[in-house]
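A structural walkthrough
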Amino acid sequence: NRTQVSVRSNAAGHKAGGLFSMESAGVLVESGAALIFESNTATTGGGLYLEGNSMLTATGQGTRVAVKSNTAEEDAGGMYAQTGANISLARGSLLLAQNNTATSYFGGGVYLASENTTLAATGENTRVTVESNRAGRHGGGVYLTQGADLLVESGATLVVQRNTAVRSNRTGDRSITLLSNTI
């Protein structure tokens, strides 16, 4: 039997339609388990919202975190991380951000904000897929602000495809927007 936790059809008036994690809290998904955020809504972080050095860790072959069909009125349709939050994927795990919408502004699938905020994928068969997301302005798939890091290393794969930034006024600004960052 495969362990699966689903967070579906929730709403928040401000942050985090599905999950709000702060103050160094941790969420661990391992050993082939699945954590699914689907059809949640909020002003920011439709699916989940991480801040204050909190962590989301997925590790192990077949382990997956799926962030699907969530909506944010402003930023981060799928997932929002800031102020030192860390999203870590390793040893064959999968993060899927798919069909999420940031209606007004930035980061349809994933929004990483502020210094020391990181999304890191490492190890063979580890995969981050960001696809078919939509943002009202920039970063249809992924939006990173100054100081946030997106790291893909040691055989991991990043796929960013079929995302849309509706009112983008920058050339090449449909899927990933970087503001003073390094990948």
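For the structure given in this document, a descriptive report is provided here. These figures come from a predicted structure and were not determined experimentally.

Considerations on the overall build of the chain
- Counting its regular elements, the chain contains zero helices and 22 strands.
- Taken against the 2.2 N^0.38 rule, which gives 16 Å for 183 residues, the C-alpha radius of gyration of the chain at 14 Å falls within 12% of a compact globule.
- Oriented by its inertia axes, the alpha-carbon framework of the chain measures out at about 45 × 35 × 30 Å.
- Looking at the chain residue by residue over its 183 residues, the buried ones come to 55%.
- Summarising the internal contacts of the chain: among those between residues at least 6 apart in sequence, 87% fall at separations of at least 24.
- Approximately 7800 Å² of the chain is accessible, and the part contributed by carbon and sulfur atoms is 43%.
- Here the chain carries 13 positive and 13 negative side-chain charges, and the mean point of each set is 10 Å from the other.

Some remarks on the side chain of Ser21
- Among the secondary structure elements, Ser21 is positioned in strand β2 (residues 19-21).
- Filtering out sequence-adjacent residues up to four positions away, Ser21 remains in contact with Tyr49, Leu50, Glu51 and Ser54.

With respect to the environment of Ala90
- Secondary-structure assignment places Ala90 in strand β11 (residues 86-90).
- Classification of Ala90 by relative accessible area gives buried; the value is 16%.
- Each C-alpha atom, one on Ala90 and one on Thr122, is 5.0 Å from the other, the two residues being 32 residues apart in sequence.

Notes on the sheet that holds strand β12 (residues 94-98)
- A sheet is described by the order of its strands in space; here six strands give the open sequence β1-β4-β8-β12-β16-β20, paired in parallel fashion. Edge strands, defined here as strands with exactly one partner in the open sheet, are β1 (4-8) and β20 (157-161). Sheet twist, expressed as the mean angle between neighbouring strand axes with direction ignored, is 5 degrees.
- The pairing of strand β16 (residues 127-131) with β20 spans five bridges and is parallel. Across the sheet, Thr129 pairs through a bridge with Val159, a residue of β20.

Topic: the sheet that holds strand β3 (residues 26-30)
- Judged by pairing direction, the sheet is parallel, and its five strands sit side by side in the order β3-β7-β11-β15-β19 without closing on themselves. Pairing within the sheet leaves two strands with one partner each, and these edge strands are β3 and β19 (149-153). Adjacent strand axes in the sheet meet at a mean angle of 5 degrees, parallel and antiparallel pairs treated alike.
- Summarising the sheet, strand β7 (residues 55-59) and β11 pair through five bridges and their orientation is parallel. Bridge assignment links Thr59 to a residue of β11, and that residue is Ala90.

Concerning unusual backbone geometry
- For Ser9, which is not a glycine, the phi torsion comes out positive at approximately 60 degrees.
- At Asn99, a position not held by glycine, the phi torsion is positive, near 60 degrees.
- Judged by its relative accessible area of 39%, Asn99 falls in the partly exposed class.

Examining the pattern of salt bridges
- Considering all chains together, one arrives at three salt bridges under this definition.
- Close ionic contact of Lys15 with Glu51 constitutes a salt bridge, the shortest N to O distance being 3.6 Å. In this pair, Lys15 is assigned in the loop between β1 and β2 and Glu51 in the loop between β6 (48-50) and β7, connecting sequence segments 36 residues apart.
- For Lys15, a relative accessible area of 29% gives the class partly exposed.

Thresholds, definitions, all that
Residues numbered from 1 in each chain as written. Predicted model: local features only at pLDDT ≥ 70, side-chain atom pairs only at ≥ 80, totals over all residues. Heavy atoms only, no water. Helix = DSSP H or I, 4+ residues; strand = E, 2+ residues; numbered from the N terminus. Rg over C-alpha atoms; globule rule 2.2 N^0.38 Å. Buried < 20%, exposed > 50% of the residue type's maximum accessible area, 1.4 Å probe, protein only. Contact = heavy atoms within 4.5 Å. Areas by Shrake-Rupley, 256 points an atom, 1.4 Å probe, with all protein chains shown as cover. Lys, Arg positive; Asp, Glu negative; His and termini not counted. Charge placed at Lys NZ, Arg CZ, Asp CG, Glu CD. Pairing = 2+ DSSP bridges. Axes fitted to C-alpha atoms, helices over the stretch in contact; angles between N-to-C directions. Salt bridge = Lys/Arg side-chain N within 4 Å of Asp/Glu carboxyl O.

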